[in-house]
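Chain by chain, the residues run as shown.
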Amino acid sequence: MTERRRAGYEKKKARATREKGLLIVYTGEGKGKTTAAMGMVLRAVGHDMPVGVVQFIKGAMDSAERRVLSALPQVRFHAIGDGFTWLTQDREGDMATAREAWGVAREMILDPDLALVVLDELNVILKYGYLDLDEILAVLAERPPMKHVVVTGRHAPAALVEAADLVSEIRRVKHPFKEQGVKAQAGIEF
Ligand code: ATP
Ligand code: MG
């Protein structure tokens, strides 16, 4: 870092004195969105902060992360019911499941006892139009001031990006599944 850049950085750091609950979005086509959110859960738990996790689509979290997280006293974990697979072609059933998960998420977002709430793959649910984005934005706006919320999933809606404080878009540069035909491996994908 040059002398000038360091001075600029120090100035910004001195000015950044505020704390607030952040709305964080991890989106994009590359791998790393859910695991980034789980990394934050790990940090929060390390500070003994109570955390809520709602999984909107069945994925790796259903087995590995769920096993670890639901054993922790600081974590409230909600996984969606068995019916939700994306293979059922049962739009009504999937919507009902999404609404049920949203009910749990809503409670967690408004609960002042939880410091961090992760809404895993909510973006994908919104993309499918299974939940009402305006309702979600309204609840997020009502959350306690120090509450952090992380939303993951491809195709984050523009209005959510607009409302967020921190947005990272993960770009795929290489992925071994597409480029080398390597299958999903334990510890990496699930
Ligand atoms: P992770 O849970 O590993 O952090 P993610 O949340 O960013 O991944 P999702 O969009 O939830 O990714 O996709 C779920 C699965 O699809 C992951 O196992 C991931 O490795 C895989 N995946 C992600 N990006 C790609 C890609 N560009 N091509 C093929 N598979 C991918
Ligand atoms: Mg994911």
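What you see is a predicted model; the values in this text were computed from it and never measured.

### Observations regarding the coordination of the magnesium ion (ligand 2)
- Within the protein, the magnesium ion (ligand 2) binds to Thr 34 (OG1) and Glu 121 (OE); these donor distances fall in the range 2.0 to 2.1 Å. On the criterion of sequence distance, the pair formed by Thr 34 in helix 2 (residues 33-46) and Glu 121 in the loop between strand 4 (116-120) and helix 5 (122-127) is long-range, its members being 87 residues apart.

### A word on the site of ligand 1
- Residues in contact with ligand 1 amount to 14 residues; listed here are only the nearest, Lys 31, Thr 35, Glu 121, Arg 172 and Glu 189.
- Backbone polar atom of Glu 29 to a nitrogen atom of ligand 1: 3.2 Å apart, as the coordinates give it.
- Lys 31 is positioned with one of its side-chain polar atoms (N or O) 2.4 Å from an oxygen atom of ligand 1.
- Here ligand 1 has 590 Å² of accessible area as a free molecule, and 81% of this is covered by the chains.
- Looking at the shell around ligand 1, the elements with two or more residues in it are helix 2 and helix 8 (176-180).
- Broken down by element, the shell around ligand 1 gets its largest block of residues, three residues, from helix 2.
- Counted by class, the shell around ligand 1 contains one nonpolar, five polar and eight charged residues.

### With respect to the nonpolar core
- Counting residues in each nonpolar core, the largest one holds 30 residues, and the members touching the most others are Phe 56, Trp 102, Leu 119, Leu 122, Ile 125 and Leu 131.
- For this core, the secondary structure elements donating two or more residues are strand 1 (23-27), helix 4 (91-110), strand 4, helix 5, helix 6 (133-141) and strand 5 (148-152).
- Sorting elements by how many residues they give to this core places helix 4 first, with seven residues.

Here is what the cut-offs are and how they apply
- Within every chain, residues take consecutive numbers counted from 1 along the sequence as written.
- Labels follow written order: the first chain is A, the first ligand is 1, and so on.
- With the structure being a predicted model, the display of local features is reserved for residues of pLDDT at least 70 and the display and counting of side-chain atom pairs for 80 or more, all residues being used for whole-chain, interface and lining totals.
- Hydrogens and water molecules were not included; the side-chain quantities draw on all heavy atoms of the structure.
- We call an atom a donor if it is N, O or S and sits within 2.8 Å of the metal, or 3.2 Å for Na, K and Ca. Water is not counted, so some sites may look partial.
- The helix and strand labels rest on DSSP assignments: H or I over at least four residues marks a helix, E over at least two residues marks a strand, and numbering proceeds from the N terminus.
- Whether a residue is near a molecule or strand depends on its heavy atoms: it is near if one of them lies within 4 Å of it.
- Pairs of N or O atoms within 3.5 Å make up the polar contacts considered here, provided that, within protein, one atom can donate a hydrogen while the other can accept it, and that residues adjacent in sequence are counted only when both atoms are side-chain atoms.
- Computed by Shrake-Rupley with a 1.4 Å probe, the accessible areas treat only the displayed protein chains as cover when residues are assessed.
- Residues are grouped as follows: Ala, Val, Leu, Ile, Met, Phe, Trp, Tyr, Cys and Pro are nonpolar; Asp, Glu, Lys and Arg are charged; all remaining types, including Gly, are polar.
- Residues grouped as a nonpolar core are buried Ala, Val, Leu, Ile, Met, Phe, Trp, Tyr and Cys residues, joined through side-chain atoms within 4.5 Å.
- Relative accessibility thresholds used throughout: buried, under 20% of the residue-type maximum; exposed, over 50%; partly exposed, between the two (1.4 Å probe, protein chains only).

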